[in-house]
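Listed here are the chains, written in short residue letters.
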Amino acid sequence: MTFDVVVIGAGHAGCEAAWAAARLGCRVGLCTLSADTVALMPCNPAIGGTAKGHLVREIDALGGLMARAIDATGIQFKLLNRSRGPAVWSPRAQADKRRYGAWMRDALEREPNITWLFRRAGRIMTAGGRVTGLAFEDGESVACSAIVVTTGTFLNGLIHVGDEQRPAGRAGEPPSCDLATSIREIGVEMGRLKTGTPPRLDRRSIDFSVFGEEPGDDPVVPFSFLTTRIERPQVACHLVYTSERVHEIVRRSIDRSPLYNGRIQGIGPRYCPSLEDKVMRFPDKSRHQIFLEPEGIDVDEIYVNGLSMSLPRDVQEEIVHALPGLERASILRHAYAVEYDFVQPTELHRSLETKRLPGLFLAGQINGTSGYEEAAAQGLMAGLNAARIVRGDAAIVLGRDEAYIGILIDDLVTRGCLEPYRMFTSRAEHRLLLRIDNADVRLTPVGHRAGLVDAERWRLFEARMERLDRNRARAATTRVTVDGRRVTVEQALAQPPVTLDDVRGGGFEMDVDPERAHLDTATIEAELRYRGYLRRHAADVARARAQETRAIPVHFEYRGIPGLSREVVERLTTVRPETIGQAARVPGVTPAAVAIVAARVARGARA
Amino acid sequence: MAAFSTTDTIVAVATPPGRGGLGLVRLSGLAAEPIVRRLTRRRTPFVPRHATFARLADVTTVDATDDVTPPARIVDHVVVTWFAAPHSFTGEDVVEIGAHGSPVLLQRVVELAMAAGARLAEPGEFTLRAHLNGRLDLVQAEAIADLVDAVTPLQARAAMDQLEGTLTEAIGRVDAALFDLIARLEASLDFPEEGFHFVTRADAAAEVEAVRATLAMLVTEGRAGRVVREGRLVVVTGAPNAGKSSLFNALVGASRAIVTDVPGTTRDVLSERVDVGGVPITLVDTAGVREARDVVEAEGVRRAIEAQTVAAVIVEVVDGSAPLPAVGAGGGDAAKDRATSPAPRIIVVSKVDRPRAWPNATLGDAADRIVETSVVSGAGIDALRRRILSALTSRDEWRDTPAVTNLRHVAQLETALAAVERAAQELDAGATEELVLAGLSDARAALEAITGVRAPDDLLRHIFSRFCIGK
């Protein structure tokens, strides 16, 4: 069998990668162990959250799948930060986990360019210094021009529950060791990270009467630009707090935690602290929030968000039973910590292709990130760029002022990872520009040019842009009365207490598609509210973009340049920044060094 | 600051500080000549490589094209020379303004050039541009990269501050307060579901006001020139009781440091403005570098080591009448520092009126840099002055004056103040965090241009160290 692109892994990165490459007309082989684990959510059954919701909107704007999958299978939606401005609104939803995976599998099965390969990937085959195929562990092989590896936590995965250790990628699934060896043999720098997941409880054994109820939004703001309504019934989550009694159990058992007794070497995510970390590092805090989240409408598994740990089973039982309402709860699956290999992402070009082996792309947790959304965003870009290099086209790289996806990939390949990387809005220099409401304005044309966006999405987008332009023009010319003065809508909304609803009541007629009213109003409101800042920062954005257009040759020699310290030479040689702008973001590279490199590059270009 | 721009026009005082008869302000870049033409209200370009007499006026308050307005105030009578590209120091259009030499006047000329569109040069930036345009050789270029990099970190600034009482310590404090507030506001945006407030609106408003007030005070002080530093640092260092303070007093000509035979007498850093051969310097006496016996002395030693990192010249005093201390004994940090400080080093063998305990040749290659002195007989003091002078002038052209550094601080402080005022207005009007942060982040960028830029992860690290966040 021969493929253009083989994708290893069908998690959140793998699904988007296979979809993107197939949309561009490539013959895609999607290699995974079982049809039952496609787009699995091995940790919390939720999509989105601050900044992550932005990523999902961007994936959708480019033509990816994740937003539509969650809109079709979500059972509780919330728009986070609704009390704040539109730049930081972020959607989050609880998923019906089983149906989410089924929706994604169905979408991929209907794509004729994708062939499923239900087998265990073994070795990456190369010839002449590039990828030529993939050998499976059973010895058979397929030929291909590019491979996208999206193996999540499977590379030399090792699960810890107290003293118990077993090699596994996820609970009950064997790890990928041959593939780990094959990747290591390429010579890439690798490291070890850790993550964890909390216990799952049986819904029927929980006394819900004692909890505070956490309902979702009504009406719901969907993720996808295509979705107009949410069909699935909505449910509530429940909130419970840890107590001093729970903390005491943790402290008493701390030497049985592999996180604290030295058995776990990998570095875990600080923004998802284990229960051990919460108790030991913040002894003054008398209680911590725990959310009980259903994993589906008609399943009995309850995800205990906030209770990830690596303590032994008997201690987990004791902790769960010490919580109110959970005195008799039965644990369906115990919490565990998992250590896994990752590839230092400074090994990658911004296209997500490895520098050492042309044709090999990496996406998702293997690059040191955490989170389904971060994985999916990389998967989409890796699949897109793998297809493009197969066709002989240049890679598509999104800028830091264009998309959170651009920030994500730039941070990874420029700075590398010392701990699992999660997206936050504070990572964006131009946060007021990168909003969920304008993800389509920013990215749908990019997706359209690349061939990811279908005709229906493009038609909807063009109609929306026409409405937006009309509304912009009206806002500049329509006058309304504010505090007794006649001012334009533009001027009125520059005053923080004035809202779009105020001026719409006062004579500002908007052109709104009733099915997508939230989008039409959000974009106008954001543009007007942030107008002063967007204008002030336009010069910064232009200056930064100018630095990004100044390319550094692939084989540029840093050694021997006068004025560069040895440390700077080493860092630049490792990262091999593709532009002057990127060089300036490499840790430890000083402004003076950047100026010297820029001058050398300019001189070389003239010669 | 992400990177130096190499396309705009820069300005700085080019001559060493002091009350000499004449001083030079230099501009480099495309707009150099038009800017000076505007400041001197000429209608025709200067003639390249000709010295032209002109009246430099404060044109910032009047419209230069409007003949009806009263004539602008004349700031000084100057001599202007235009070196057209590429035949100049930097390879770009360079204009040199020869003015009268008062530091206040020269600073005013720089400010006027900035008001007319020039940017204050970063330390070493003229030389950097010369290098980029192929006007300097390899050795010189390596030296500048050291200098340009060495002047940015907060640590080096703080060292200066403790020696001279400049703004930087106060700037560091207001920068830290602002950063902490930003971190909490950012946390409210990125972690809205934690079930508690990272900062209340009232607290945020109070903290923004405190930051604003401090910045306003610093800007006022900076403008008043109270903090203008003058003179390059000449740091006297050496083992305890080597005779540093006696030498310091001999150079200053007054008994300022307490001199005793007890090692560790000088526990802090003393500094004094002195004139060496017409060049003003700040002479710094440091605590003897050794294993400190108590906290106060340890602090003195730390400052002594810091002083060396910003020194223009280091004078290392060795007692000629006592056995040489073993290499590195009690001075491990100083030895390490010796490797990193780019400043020239003069070795003074003190107390030569007493019998020598070792021959100069013991110091090997360093013997060439020895000056023998005795404060009892006065021998060698003048020779030392001459040696300091020549060490200073050999590297002088690469460094901007400390006074300009302060001017840069004031400019950044003004930017920060304006941004914080915007944020305060937003808060007042009920704006939400992301808008308030837009202003505060601009202020942070301006302050970090002084204190050193933080990495993106520093903010998250700060949040996670203060709050238990995440599920």
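Predicted model, so just to flag it, every value in this text is computed and none were measured.

Student: Tell me about the overall build of chain B, and please be specific about residues and values.
Tutor: The number of helices and strands found in chain B is 14 helices and 12 strands. The 471 residues of chain B split such that 47% are buried. Long-range contacts, defined as pairs at least 24 residues apart, comprise 68% of the intrachain contacts of chain B with a sequence gap of at least 6.

Student: Give a detailed account of the overall build of chain A, specifying residues and quantitative values.
Tutor: Summing up its helical and strand segments, chain A has 19 helices and 22 strands in all. On C-alpha atoms alone, chain A measures out to a radius of gyration of 25 Å, which is about the 25 Å that the 2.2 N^0.38 rule sets for 607 residues. With respect to the principal axes defined by its C-alpha atoms, chain A has extents near 70 × 70 × 50 Å. Counting the 607 residues in chain A, one finds 54% classified as buried. For chain A, contacts bridging at least 24 residues in sequence account for 73% of all contacts bridging at least 6.

Student: Break down the nonpolar core for me, with residues and values.
Tutor: Ranked by size, the top nonpolar core spans 188 residues in total, and within it Val-5, Ala-18, Ala-21, Ile-147 and Val-148 of chain A carry the most contacts. Looking at this core element by element, the count peaks at 11 residues for helix α9 (residues 372–390) of chain A. Every residue in contact with Ala-21 of chain A, bar those within four places of it in the chain, is listed here: Val-5, Cys-26, Val-28, Gly-383, Ala-386 and Ala-387 of chain A. In this structure, Leu-56, Val-95, Ala-99 and Leu-120 of chain B belong to the second largest nonpolar core, which totals 33 residues.

Student: With reference to specific residues and values, describe the confidence of the model for chain B.
Tutor: Detailed reading of the predicted coordinates is not advisable wherever pLDDT is low. Residue and element names in this part refer to chain B. Averaged over chain B, the pLDDT score is 75; the fraction of residues at 70 or greater is 67%. The lowest-confidence element of chain B is helix α5 (residues 154–164), averaging 43 in pLDDT; the highest-confidence one is helix α1 (residues 32–39), averaging 94. Counting interchain partners and residues more than four positions distant, the pLDDT-below-50 stretch residues 328–339 has 14 contacts. Across residues 395–404, confidence stays below pLDDT 50; counting only partners more than four residues off in sequence or on other chains, it has 25 contacts. In the model output, the complex is listed with pTM 0.77 alongside ipTM 0.90.

Student: Pulling in residues and values, what's your account of the sheet that holds strand β5 (residues 90–95) of chain A?
Tutor: All names here are of chain A. Here we have three strands laid out as an open sheet, ordered β3-β5-β4, and antiparallel in their pairing. Looking along the sheet, the strands with just one partner apiece sit at the ends: β3 (46–48) and β4 (74–80). Pairwise comparison of adjacent strand axes, ignoring direction, gives a mean angle of 15° for this sheet. Here β4 pairs with β5 via six bridges, running antiparallel. In the strand pairing of β5, Leu-80 is matched with Ser-90.

Student: With reference to specific residues and values, describe the domain arrangement of chain A.
Tutor: When its domains are assigned, chain A resolves into domain 1 (200–336), domain 2 (454–536) and domain 3 (549–606). Between the C-alpha centres of domain 1 of chain A and domain 2 of chain A the distance comes to 42 Å.

Student: Describe the interface of chain A and chain B, with residues and values.
Tutor: Contacts between chain A and chain B engage 44 residues on the former and 39 residues on the latter. Considering each element in turn, the side of chain A that touches chain B owes the most residues, seven residues, to helix α19 (residues 591–606) of chain A. Residue classes in the side of chain A that touches chain B are distributed as 24 nonpolar, 13 polar and seven charged.

Student: Could you give me a rundown of the environment of Ala-475 of chain A, with the residues and numbers involved?
Tutor: Residues and elements named next belong to chain A. Relative to the helices and strands, Ala-475 resides in helix α12 (residues 455–477). Put simply, Ala-475 and Val-240 are 235 residues apart on the chain and 47 Å apart in space, counted from C-alpha to C-alpha. Apart from the residues within four sequence positions on either side, Ala-475 is in contact with Val-489, Glu-490, Ile-524 and Leu-528.

Student: Give me the lowdown on helix α3 (residues 66–73) of chain A, citing residues and values where you can.
Tutor: Where burial is concerned, most of α3 of chain A is hidden: eight out of the eight residues are buried. Taken together, the buried positions of α3 of chain A are Met-66, Ala-67, Arg-68, Ala-69, Ile-70, Asp-71, Ala-72 and Thr-73 of chain A.

Student: So what's going on with the pairing of strand β11 (residues 345–350) of chain B? Which residues, and what values?
Tutor: As a general feature of sheets, a regular strand has side chains that alternate between the two faces. Residues and elements named next belong to chain B. Of all six residues in β11, five are buried, a share of seventy percent or more. Pairing of strand β10 (residues 313–319) with β11 involves six bridges; the strand directions are parallel. Bridging across to β11, Ile-314 finds its partner in Arg-345. Pairing of β11 with strand β12 (residues 370–372), which is carried by three bridges, proceeds in the parallel orientation. Bridge pairing links Val-349 to Glu-372 in β12.

Student: Quick rundown of unusual backbone geometry? Include the residues and the values.
Tutor: With omega at 5°, the peptide bond leading from Asp-218 of chain A into Pro-219 of chain A counts as cis. Within the element layout of this structure, Pro-219 of chain A appears in the loop between β14 (212–214) and β15 (237–241). Despite not being glycine, Arg-41 of chain B has its phi angle at roughly 55°, a positive value. With respect to the helices, strands and loops of the structure, Arg-41 of chain B is situated in the loop between α1 and β3 (51–57). In this structure Arg-41 of chain B comes out as partly exposed when scored by C-beta crowding, with 15 C-beta atoms within 10 Å. Even without being glycine, Arg-49 of chain B reaches a positive phi, approximately 60°.

Student: Go over α12 of chain A, please, and point to the residues and values.
Tutor: All names here are of chain A. For α12, spanning 23 residues, the distance from its first C-alpha to its last is 34 Å, which sits close to the expected 33 Å at 1.5 Å a residue. Listing the buried residues of α12 in full gives Arg-457, Phe-461, Asn-471 and Ala-475. If you follow the buried residues of α12, they end up packed against α11 (439–450), α13 (489–493) and α15 (517–529).

Student: Summarise the pairing of strand β22 (residues 485–488) of chain A; cite the residues concerned and give the values.
Tutor: Residues and elements named next belong to chain A. Judged from the four bridges that link them, strand β21 (residues 479–482) and β22 form a sheet pairing that is antiparallel. Across the sheet, the residue bridging to Arg-479 is Thr-488, located in β22. Linking two consecutive strands that pair antiparallel, namely β21 and β22, is a turn of two residues; a positive phi of about 50° is found at Asp-483 within it.

Student: With reference to specific residues and values, describe the sheet that holds β3 of chain B.
Tutor: Residues and elements named next belong to chain B. Taken together, six strands build an open sheet; the order of strands is β3-β4-β5-β2-β1-β6 and the sheet is mixed. The sheet is open, and its two borders are formed by β3 and β6 (119–120), each paired with just one other strand. Note that strand β4 (residues 74–83) and strand β5 (residues 94–100) share five bridges and pair antiparallel. Across the sheet, residue Phe-83 finds its bridge partner in β5, namely Val-94. Sheet strands touched by α1: β2 (22–28), β3, β4 and β5. Its angle to β5, the strand with the most contacts, is close to 35°.

Student: Just give me the short version of the environment of Phe-179 of chain B, but keep the residues and values in it.
Tutor: If you trace the backbone, Phe-179 of chain B turns up in helix α6 (residues 168–190). Taking the C-alpha atoms as reference, Phe-179 of chain B lies 9.1 Å from His-462 of chain B; in sequence the two are 283 residues apart.

Student: Tell me what's going on with the packing of helix α2 (residues 52–62) of chain A against α11 of chain A, and back it up with residues and numbers.
Tutor: Residue and element names in this part refer to chain A. For the pair α2 and α11, interaxial distance at closest approach is 7 Å and the crossing angle is 40°. Judged on the interaxial angle alone, α11 and α2 are oblique. Taken as a pair, α2 and α11 cross one another with a handedness that is right-handed. Taken together, the residues of α11 that come into contact with α2 (itself represented by Arg-57, Glu-58, Ala-61 and Leu-62) are Ala-439, Asp-440, Arg-442, Leu-443, Thr-444, Val-446 and Gly-447.

About the thresholds
- Residues numbered from 1 in each chain as written.
- Chains lettered and ligands numbered in written order.
- Predicted model: local features only at pLDDT ≥ 70, side-chain atom pairs only at ≥ 80, totals over all residues.
- Helix = DSSP H or I, 4+ residues; strand = E, 2+ residues; numbered from the N terminus.
- Buried ≥ 20, exposed ≤ 12 C-beta atoms within 10 Å, placed from the backbone.
- Contact = placed C-beta atoms within 7 Å.
- Rg over C-alpha atoms; globule rule 2.2 N^0.38 Å.
- Core = buried A, V, L, I, M, F, W, Y, C linked by C-beta atoms within 7 Å.
- pLDDT = per-residue confidence, 0-100.
- Pairing = 2+ DSSP bridges.
- Axes fitted to C-alpha atoms, helices over the stretch in contact; angles between N-to-C directions.
- Domains from an automatic or database assignment.
- Nonpolar A, V, L, I, M, F, W, Y, C, P; charged D, E, K, R; others polar.
- Expected span 1.5 Å × (residues − 1).
- Parallel < 35°, antiparallel > 145°, perpendicular 65-115°, else oblique.
- Left-handed = near helix turned anticlockwise from the far one by under 90°.

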